[in-house]
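# Examination of the molecular architecture
These are the residues of each chain, in order.
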Amino acid sequence: MIRVLVADDDPVVRFGLAMMLRGAADLRVVAEAGDGAEAVALAARHNPDVVLMDIRMPGTDGLTATETLRRRPSPPHVVVLTTFDADAHVLRALRVGAAGFLLKDTPPDELVDAIRLAAQGRPVLSPEVTRRLINRVTEPGPDARRDNARRRLAQLAERERAVALAVGTGSSNAEIAAAHHISLATVKTHVSAILTKLDLNNRVQVALLVHDADLDHTG
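Residues numbered from 1 in each chain as written. Predicted model: local features only at pLDDT ≥ 70, side-chain atom pairs only at ≥ 80, totals over all residues. Heavy atoms only, no water.

## Details of the packing of helix α7 (residues 143-153) against helix α11 (residues 203-213)
Note the cut-off: Inter-axis angles, ranging from 0 to 180 degrees, are taken between N-to-C directions of lines fitted to C-alpha atoms, where helices are fitted over the stretch in contact. Each helix is a run of H or I in the DSSP string that is no shorter than four residues. Each strand is a run of E no shorter than two, and both are numbered from the N terminus. Any angle between 65 and 115 degrees counts as roughly perpendicular, while under 35 counts as roughly parallel, over 145 as roughly antiparallel, and the rest as oblique. Left-handed describes a crossing whose near helix is turned anticlockwise from the far helix through less than a right angle; right-handed describes the clockwise counterpart. In what follows, residue pairs with any heavy atoms lying within 4.5 Å of each other are defined as contacts. Here the nonpolar group is Ala, Val, Leu, Ile, Met, Phe, Trp, Tyr, Cys and Pro; Asp, Glu, Lys and Arg are the charged ones; every other residue, Gly included, is treated as polar.
Two numbers describe how α7 lies on α11: the axes approach to 7 Å, and their chain directions differ by 120 degrees. The pairing of α7 with α11 is recorded here as oblique in orientation. Of the two elements, α7 crosses α11, and the hand of that crossing is left-handed. Contacts between α7 and α11 involve Arg145, Arg146, Ala149, Arg150, Arg152 and Leu153 on the former and, on the latter, Leu209, Val210, Asp212 and Ala213. In terms of residue class, the contact of α7 with α11 is made up of five nonpolar, no polar and five charged.

Spelled out as structure tokens, the structure:
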């Protein structure tokens, strides 16, 4: 059973999400919050596996709440609910460890599937969505961010670095395997090593780090 907390300041949206999720046999809505502070408090009380977090809420917003939740010893996986006009905020949420984001008009079956993926520790951004997000919302970072990202990527072995750059373009594991003439299992091993060495939660954060480094495929 996947325990879910729904956080949204709109009671109609909150009610609709909760009702929809209760239709899935393997999901259980354990709490509903109207703002970020309440989401943090209820998460401490109910220990959800996944939190559906709205961004724009009064008082403590969803981004601050996400950052707070991800600092917990055993943090829940946070899936941010948003629209594309809030993409810059989504970028910050991903940087602090959110599992990904969903648009509020995501079809119910896709929303349920995304929660299941998040509960497994898997990001809920498809490669195509990753490309769109990075292309639409990121801006060249300051020199300090770029230099820090390059220093971190320099910790990787040559093949791991190549895989990280491919992840940065939104390539899937299968696409990376084909491009570098290696097995899918080898790609997965490299991705796991990258996450461990760079102390990252998921491949979305790898993509953001590569973007911060401002590297092309030969850089």
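## Side note on the sheet that holds strand β5 (residues 100-103)
What counts, and what does not: Whether two strands pair comes down to DSSP finding at least two bridges between them.
Spatially, β2-β1-β3-β4-β5 is the arrangement adopted by the five strands of the open sheet, whose pairing is parallel. In the strand order of this sheet, the two ends are held by β2 (27-33) and β5, each with one partner. Adjacent strand axes in the sheet meet at a mean angle of 25 degrees when their direction is disregarded. The strands touched by helix α2 (residues 36-46) within the sheet are β1 (2-7), β2 and β3 (50-54), with β2 carrying the most contacts at an inclination of about 140 degrees. Where helix α3 (residues 62-70) meets the sheet, its contacts fall on β3 and β4 (77-82), and the angle it forms with β3 comes to roughly 155 degrees.

## What to know about the side chain of Asp8
To keep things clear, this is the line we draw: In this scheme, a residue with accessible area under 20% of its type's maximum is buried, one over 50% is exposed, and one in between is partly exposed, where area comes from a 1.4 Å probe on protein chains only. Pairing of N or O atoms within 3.5 Å defines a polar contact, subject to two protein rules: one partner must be a possible hydrogen donor and the other a possible acceptor, and residues neighboring in sequence count only if both atoms are side-chain atoms.
Assignment of secondary structure puts Asp8 in the loop between β1 and α1 (11-21). Look at Asp8 and you get buried, because its relative accessible area is 0%. A polar contact is formed between the side chain of Asp8 and the backbone nitrogen of Asp10, at a distance of 2.8 Å.

## Brief notes about the pairing of β4
Convention followed: With its strands directed away from the observer, a crossover is right-handed exactly when the path from the first strand over the helix to the second travels clockwise.
Within β4, five of the six residues are buried, which leaves it mostly tucked inside the rest of the structure. Judged from the five bridges that link them, β3 and β4 form a sheet pairing that is parallel. Its bridge partner being in β4, Leu52 is matched across the sheet by Val79. Assessed by its sense of winding, the connection that carries the chain from β3 through α3 to β4 is right-handed. Both β4 and β5 contribute to a ladder of four bridges, which runs parallel. Across the sheet, Val80 pairs through a bridge with Phe101, a residue of β5.

## Considerations on the pattern of salt bridges
Heads up, the rule is: Basic side-chain nitrogens of Lys or Arg form a salt bridge, by our definition, when they fall within 4 Å of a carboxyl oxygen of Asp or Glu.
In the structure shown here, the tally under the stated rule is seven salt bridges. Ionic pairing is found between Glu32 and Arg14, a salt bridge with its closest N-O pair at 3.8 Å. Taken together, the residues span a long stretch of sequence, with Glu32 in strand β2 and Arg14 in helix α1 at a distance of 18 residues. Given a relative accessible area of 30%, Glu32 falls into the partly exposed group. Taking the shortest distance from any N to any O, the salt bridge between Asp113 and Arg116 comes out at 3.2 Å.

## Details of the environment of Arg70
Structurally, the position occupied by Arg70 is in helix α3. Since its relative accessible area comes to 18%, Arg70 is described here as buried. For Arg70, the residues in contact, after removing those within four places along its chain, are Pro75, Pro76, His77, Val78, Val96, Gly97 and Asn201.

## Some points on the packing of helix α8 (residues 158-168) against α11
Relative orientation of the contacting elements α8 and α11 amounts to 95 degrees, with a least axis distance of 8 Å. When the interaxial angle is binned, α8 and α11 end up roughly perpendicular. Contacts from Ala164, Leu165, Val167 and Gly168 in α8 reach Arg203, Val206, Ala207 and Val210 in α11. The residue inventory of the contact of α8 with α11, partitioned by class, reads six nonpolar, one polar and one charged.

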